[in-house]
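# Coordinate inspection notes
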Amino acid sequence: MEDLSRLCVHTITTKPWSLEIAVEQYARAGIPGIAVWRDVLEGRSISAVRSLIANAGLQVVSLVRGGFFAAADAAARKRAVEDNLRMIAEAAELGAPLIVLVCGADPAQPLAESRKQILDAIREIAPVAADAGVKLAIEPLHPMYTDTKSAIPTIKSANDACVELGLDNVGVALDVYHIWWDPEVENEIRRCGEIGALFGFHVCDWRVPTRDFLLDRTIMGEGCIDVAGIRRMVDAAGYTGFIEVEIFSSELWATDQSKYLQRIVQAYLEKV
Ligand code: ZN
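So, a few notes on the structure that sits alongside this text. (Residues numbered from 1 in each chain as written. Predicted model: local features only at pLDDT ≥ 70, side-chain atom pairs only at ≥ 80, totals over all residues. Heavy atoms only, no water.)

Quick look at the pairing of strand 1 (residues 7–10) now. The alternating pattern of strand 1 places L7 and V9 and C8 and H10 on opposite faces, both of which are buried. Two elements, strand 1 and strand 10 (residues 243–245), share 3 bridges in a ladder whose sense is parallel. Paired with L7 across the strands is I243, a residue of strand 10. Both strand 1 and strand 2 (residues 33–37) contribute to a ladder of 3 bridges, which runs parallel. Across the sheet, H10 pairs through a bridge with A35, a residue of strand 2. Traced from strand 1 through helix 1 (residues 19–28) to strand 2, the parallel crossover comes out right-handed. (Buried < 20%, exposed > 50% of the residue type's maximum accessible area, 1.4 Å probe, protein only. Helix = DSSP H or I, 4+ residues; strand = E, 2+ residues; numbered from the N terminus. Pairing = 2+ DSSP bridges. Right-handed = clockwise from strand over helix to strand, strands pointing away.)

Within the first shell, the zinc ion binds the protein through E139 (OE), D175 (OD), H202 (ND1) and E246 (OE), at distances of 2.0 to 2.2 Å. If you look at the zinc ion, its 4 donor atoms make angles of 81 to 164° with each other, and the shape they trace is irregular. (Donors = N, O, S within 2.8 Å, 3.2 Å for Na, K, Ca; no water. Tetrahedral: all angles 85-135°; square planar, octahedral: opposite > 155°, others 65-115°.)

By the definition in use, this model includes 0 disulfides. C162 provides the cysteine sulfur closest to C103, a residue in no disulfide bond, and the two sulfurs are 9.2 Å apart. Between C204, a free cysteine, and C224, which holds the nearest cysteine sulfur, the sulfur-to-sulfur gap is 10 Å. (Disulfide = S-S within 2.5 Å.)

Side chains on a regular strand alternate between the two faces of the sheet. The element strand 3 (residues 59–67) is largely enclosed, with a buried count of 7 among its 9 residues. Relative to strand 3, strand 2 runs parallel, the two being bridged by 5 bridges. Counterpart to I34 in the pairing with strand 3 is V60. Considered for its hand, the β-α-β crossover made up of strand 2, helix 2 (residues 46–55) and strand 3 is right-handed. Examined bridge by bridge, strand 3 and strand 4 (residues 98–102) share 4 bridges and lie parallel to one another. If you follow G67 over to strand 4, its bridge partner there is V102. Of the crossover connections in this fold, the one passing from strand 3 over helix 3 (residues 74–94) to the parallel strand 4 is right-handed.

Take a look at the structure:
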């Protein structure tokens, strides 16, 4: 019987809730981990957010999401690096040990160029993150997002990036929504563990039929992803960290969020 000790929920999952309500409700549901989306911090004192979360007995698992490094325009690349450096400072102040990176892609240039720019930017910011005690996790995105969101579409490409970078504080965040289709999923999860790069694990499910490729994720067990099977691969690769529930769903956001959170906890216990 699984317990809730490794369960984490992303603030975006319960988007209609304010941070105060989310923290209170997660704590009440026995959820020990919270992944903070950066929009939640806007206009707030980060140290106050840190206290709010700590006082509820929750642990910050990650700050989501940095990256968007690739751009044909050099000034835009510079702005992206500066923004990520600010985010590293925010993570340190918040007490977030990990930043999740959506690496970016610019359709105005070849993917190989976007990939080179991503690695260059990570090389530039990683030492600053290391000094701040913050790890960086490259999240490979489903290839349907390769046009504008990430030139790193597979676990293999994320693992390869980590090997090429050779930096202790740069690894991979695996999200079942992005990796479930990949015939190499088991081999590459194993390899991710072997190279010491498995930094994060995100769960949700792929609704069938999917009506929207961004905002129609669903609760684990309600779609076609073998979430429990991927969980076993991640466990076998040596991952012992939090299991983060990250669901974007306009349908679920329109429902009673307390009942939805109960369904998430139940699904975590039974389907992950
Ligand atoms: Zn994710």
